[in-house]
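Observations on the model geometry
Listed here are the chains, written in short residue letters.
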Protein chains: 2
Amino acid sequence: MKNLGRHVLAEVYDCDPNILNDAEEIEEILVKAALEAGAEVREVAFHKFSPQGVSGVVIISESHLTIHTWPEFGYAAVDVFTCGERVNPWDACNYIADKLCAKHMDATEIKRGLFDAPVKAINF
Amino acid sequence: MKNLGRHVLAEVYDCDPNILNDAEEIEEILVKAALEAGAEVREVAFHKFSPQGVSGVVIISESHLTIHTWPEFGYAAVDVFTCGERVNPWDACNYIADKLCAKHMDATEIKRGLFDAPVKAINF
């Protein structure tokens, strides 16, 4: 079986709540995480919730990074999904956890787009 | 253990490749999937790749929906992440698979943001 993508799902605990609640800083961290991992940024969308919390996504040529923060619990749900061989999703994930000053992270990698190799392309 | 969110990761196979390559239609399907499931749409970002493929995200109050399509393989990677009790991520996921005319889907649900109940909030 060959996979098209790698998807890291990270539970990031005991982060700095002030960073988690700062939409501009969260956006900067996610974009820089993508660039540090060697990804190409295509689209960015972030949203600040009231009274607290930030959700955001960076669409990269290689798939996406997303974050949802719960500052009141010091917690962020982080996803880094990459396709191709060039970008390692763990590089971006570890960068994000470091910048959130996380004391604890539970993360797992899931293979996405499983096909019997070789994959047959469709003419459409 | 109590979880803040539910995340459905879906491998959607044998879809209509022409739909998978139509960025406007993919965006419409994802937004409608969010609304059909009762979610509140906050931000939308989609990108069409050359020569083919679409990536996109809908940020909802309850977290996010993402899609990455490989029309040449008839495949889409779909994620629906919801928090709270009100929105069922499977409703959105099944809506998307149906609209992509998928013949086969492998999907799994992962709990996100696991805490010992009751969760202690931080004053910050």
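How each quantity is defined
- Residues numbered from 1 in each chain as written.
- Chains lettered and ligands numbered in written order.
- Predicted model: local features only at pLDDT ≥ 70, side-chain atom pairs only at ≥ 80, totals over all residues.
- Heavy atoms only, no water.
- UniProt positions renumbered as here; feature names shortened; annotations may be inferred.
- 1 Å grid on protein atoms, 1.4 Å probe; cavity = no way out; pocket = protein on both sides within 12 Å on 5 of 7 lines; lining within 4 Å.
- Helix = DSSP H or I, 4+ residues; strand = E, 2+ residues; numbered from the N terminus.
- Contact = heavy atoms within 4.5 Å.
- Least-squares fit on C-alpha atoms with pLDDT ≥ 70 in both.
- Buried area = accessible area lost by both parts, 1.4 Å probe.
- Salt bridge = Lys/Arg side-chain N within 4 Å of Asp/Glu carboxyl O.

In the nomenclature of an unreviewed UniProt entry, chain A corresponds to S-adenosylmethionine decarboxylase proenzyme from the organism Tepidanaerobacter syntrophicus. Taken verbatim from the UniProt record of chain A, the Subunit (unreviewed entry) comment is "Heterotetramer of two alpha and two beta chains arranged as a dimer of alpha/beta heterodimers." Taken verbatim from the UniProt record of chain A, the Function (unreviewed entry) comment is "Catalyzes the decarboxylation of S-adenosylmethionine to S-adenosylmethioninamine (dcAdoMet), the propylamine donor required for the synthesis of the polyamines spermine and spermidine from the diamine putrescine."

**Let's talk about the UniProt feature "active site" (unreviewed entry) in chain A**
UniProt records the feature "active site" (unreviewed entry) for A:Ser63, A:His68 and A:Cys83 in the present numbering. As for the lining of the largest pocket, the annotated residues named previously contribute A:Ser63 and A:Cys83. Positionally, A:Ser63 belongs in strand 4 (residues 63-70). Ignoring any residue separated from it by four or fewer positions in sequence, one finds A:Ser63 in contact with A:Val58, A:Phe81, A:Thr82, A:Cys83, B:His68 and B:Trp70. A:Cys83 has contacts with A:Leu4, A:Gly5, A:Ser61, A:Glu62, A:Ser63 and B:Trp70, leaving out every residue within four places of it along the chain.

**Re the relation of the copies chain B and chain A**
The transformation that overlays chain B on chain A combines an axial shift of 0.0 Å with a rotation of 180°, and the residual RMSD is 0.0 Å. In short, the pair behaves as if placed about a two-fold rotation axis. When C-alpha distances to the rotation axis are compared across chain B, the minimum falls at B:Ala45, with a value of 3.3 Å. Both copies share a contact surface, since 100% of the interface residues of chain B are interface residues in chain A too.

**Digging into the interface of chain B and chain A**
Opposite the 47 residues of chain B that make contact, chain A presents 47 residues. At the boundary of chain B with chain A, total buried surface from both sides reaches about 3800 Å², with 70% on carbon and sulfur atoms. Broken down residue by residue, the surface that chain B buries against chain A is led by B:Phe73, B:Arg112 and B:Phe124, which jointly contribute 18%. Linking chain B to chain A there are 4 salt bridges.

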